[in-house]
Amino acid sequence: MPDPSPVILGIESSCDETAAAVVGSGRRVLSNVIATQHDLHEEYAGVVPEIASRAHLERILPVLRDAMREAEVDYSDLDAIAVGNRPGLIGSLLVAVSAAKALAWSLGKPLIGIDHVQAHLYAGSLEALPVEYPALGLVVSGGHTSLFLVHSPLDVTLLGRTIDDAVGEAYDKAAAILEIGYPGGPRIDCIAQVGDENAHDLPVSALDPDSLDFSFSGLKTALLYAVRGKPMGRGADAHFERDASGLSRKEKADFAASFQKAAVAAVMLKIRRALKRHAVESLLVGGGVSANSRLRQELTELGDLRQLDLRLPAIEYCLDNAAMIAGLAAGRYRAGQFDDLTLAASPRTATA
Ligand code: KG4
Ligand code: ZN
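Note that the structure is predicted; figures quoted are calculated from it, not measured.

Looking at the overall build of the chain
Consideration 1: The secondary structure content of the chain amounts to 11 helices and 12 strands.
Consideration 2: The C-alpha radius of gyration of the chain comes to 21 Å, within 12% of the 20 Å expected for a compact globule of 352 residues.
Consideration 3: Its C-alpha atoms put the chain at 65 × 45 × 30 Å along the principal axes.
Consideration 4: Taken over 352 residues, the chain has a buried fraction of 53%.
Consideration 5: Look at the contacts in the chain between residues 6 or more apart in sequence, and 73% of them connect residues 24 or more apart.
Consideration 6: Surface exposure of the chain reaches about 15,300 Å², of which carbon and sulfur atoms provide 52%.
Consideration 7: Looking at charge distribution, the chain has the averaged site of its 33 positive side-chain charges lying 4 Å from that of its 45 negative ones.

Some details on the sheet that holds strand β6 (residues 135-140)
Consideration 1: Read from one edge to the other, the open sheet built from five strands follows the order β8-β7-β6-β11-β12, with strand pairing classed as mixed. One side of each edge strand has no neighbouring strand; the edge strands of this open sheet are β8 (155-161) and β12 (309-311). Neighbour-to-neighbour, the strand axes of this sheet turn through a mean angle of 20°, independent of strand direction.
Consideration 2: With three bridges joining them, strand β11 (residues 282-286) and β12 adopt parallel strand pairing.

Comments concerning helix α5 (residues 167-177)
Consideration 1: Of all the 11 residues making up α5, eight are buried; the element is thus mostly covered by neighbouring parts of the structure.
Consideration 2: Of all the positions in α5, only V167, G168, A170, Y171, D172, A174, A175 and I177 are classed as buried.
Consideration 3: The secondary structure elements touched by the buried residues of α5 are β6, β7 (145-152), α6 (184-192), α7 (217-228) and α8 (249-277).
Consideration 4: Following α5 by one or two positions, E179 adopts a phi angle in the positive range, close to 55°.

Points about unusual backbone geometry
Consideration 1: Cis geometry is adopted by the peptide bond preceding P87, which originates at R86 and carries an omega value of -15°.
Consideration 2: Following the sequence through the fold, P87 ends up in the loop between β4 (80-86) and α3 (90-107).
Consideration 3: Here Y182 and P183 are connected by a cis peptide whose omega angle stands at -5°.
Consideration 4: Relative to the elements of secondary structure, P183 occurs in the loop between α5 and α6.
Consideration 5: At E72, a position not held by glycine, the phi torsion is positive, near 55°.
Consideration 6: As for its placement among the helices and strands, E72 is situated in the loop between α2 (49-71) and β4.
Consideration 7: A relative accessible area of 72% places E72 in the exposed class.
Consideration 8: Phi is positive for E179, close to 55°, though the residue is something other than glycine.
Consideration 9: On the secondary structure map, E179 appears in the loop between α5 and α6.
Consideration 10: Using a relative accessible area of 41% as the deciding quantity, one classes E179 as partly exposed.

Structural notes on the sheet that holds strand β5 (residues 111-115)
Consideration 1: Read across the open sheet, the five strands follow the order β3-β2-β1-β4-β5; overall the sheet is mixed. Both outer strands of the open sheet, β3 (28-36) and β5, are each paired with one neighbouring strand and no more. Across this sheet, the average inter-strand angle for adjacent strands is 20°, counted without regard to direction.
Consideration 2: With four bridges connecting them, strand β1 (residues 7-12) and β4 associate as parallel partners.

Describing the domain arrangement of the chain
Consideration 1: Annotation of the chain at the domain level lists domain 1 (7-127 + 316-334) and domain 2 (135-313).
Consideration 2: Once you take the C-alpha centre of each, domain 1 and domain 2 turn out to be 26 Å apart.
Consideration 3: Taken together, the contacts link 22 residues of domain 1 with 25 residues of domain 2.
Consideration 4: When the two sides are added together, the surface that domain 1 and domain 2 hide from each other amounts to roughly 1,800 Å², 73% of it contributed by carbon and sulfur.
Consideration 5: The tally of links between domain 1 and domain 2 comes to one salt bridge.
Consideration 6: For E42, the salt bridge is made with R187, and the minimal N-O distance between the two is 3.4 Å.
Consideration 7: Between domain 1 and domain 2 we count seven residue pairs in polar contact (both at pLDDT 80 or more) in total.
Consideration 8: Element by element, the count of residues in the side of domain 1 that touches domain 2 is highest for helix α4 (residues 116-122), at five residues.
Consideration 9: Along the lines of polarity and charge, the residues of the side of domain 1 that touches domain 2 split into 11 nonpolar, eight polar and three charged.

Thresholds, definitions, all that
Residues numbered from 1 in each chain as written. Chains lettered and ligands numbered in written order. Predicted model: local features only at pLDDT ≥ 70, side-chain atom pairs only at ≥ 80, totals over all residues. Heavy atoms only, no water. Helix = DSSP H or I, 4+ residues; strand = E, 2+ residues; numbered from the N terminus. Rg over C-alpha atoms; globule rule 2.2 N^0.38 Å. Buried < 20%, exposed > 50% of the residue type's maximum accessible area, 1.4 Å probe, protein only. Contact = heavy atoms within 4.5 Å. Areas by Shrake-Rupley, 256 points an atom, 1.4 Å probe, with all protein chains shown as cover. Lys, Arg positive; Asp, Glu negative; His and termini not counted. Charge placed at Lys NZ, Arg CZ, Asp CG, Glu CD. Pairing = 2+ DSSP bridges. Axes fitted to C-alpha atoms, helices over the stretch in contact; angles between N-to-C directions. Domains from an automatic or database assignment. Buried area = accessible area lost by both parts, 1.4 Å probe. Salt bridge = Lys/Arg side-chain N within 4 Å of Asp/Glu carboxyl O. Polar contact = N/O pair within 3.5 Å; in protein donor to acceptor, adjacent residues only side chain to side chain. Nonpolar A, V, L, I, M, F, W, Y, C, P; charged D, E, K, R; others polar.

Following this line, the structure appears as structure tokens:
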């Protein structure tokens, strides 16, 4: 009979964060160590897979040591090793998956593979009371923008997802268009505070009246044309009328605020549509964009209005982290659902 209060080490390296965490009973976070690589990818305005996997290799052992030391547990105290094995960049995923397998094998502990997208939906359960189900789940990150009906932490049904860019990707591209640096989400969020959200009328994608899918490429292109003017020339001669270098700080802030208003409106529209169709007790939110101040404010207002138990994770659990991996793994541990050493890394989520 598995221990109902397992102590689990989680490991995560699916994109550009190397992370390890120790979580007790699926909710008590004993440590949560995250090493970001933003400085390494900034000059490319996006994650470069080869650079990311090499950096994970360099960081994984120090991150693991820090997580164990901060948690004040010994490897022999662990009940299982959990790892985010999908989805993500394959070269990045392999670093955490290999480390987890090596630890599980050498310590003789069970190995548990966890879907990163599903783990984002679990972030609001960390350091919190148990969630009431069914719940509506929203994952908004650099790689995903999806809505789910969540029957239990390990049982989710996809309701809709982006048909083009993820909302975080649109934020990162918008920041590149405005030449304000990487990662774009926090930078746009920050300068939008001093901008006029009504300065530019940017499109809010609704898609078909019954669609719960998302689309952000139209918004990104509308911003591109508004900032840079008409595309001109062809082939090697292709260029725009202007670039963002001529914009003042105030003009950039106005574009950022107008972009943020439209991006958040598109997300909220689909949540309201989903709530019309599904009676739920709770609203679970996760992924890097759930750190966004405007989205958090609008979700809070909606949660209050509809009397939903809104689970907006603390910022350190919104962004990629391993506590959500170790936390979600407790359910699989209790159910005796273990993986063996053939566990594979995969670029695809199990939730779609
Ligand atoms: O979940 P995450 O850490 O990694 C993925 O799984 O993709 O999300 C990263 C994304 C990036 O696109 C980043 O720009 C965005 O989350 N992000 C934000 C904010 N903080 C991070 N987007 C909008 N507002 C923020 N405050
Ligand atoms: Zn993520």
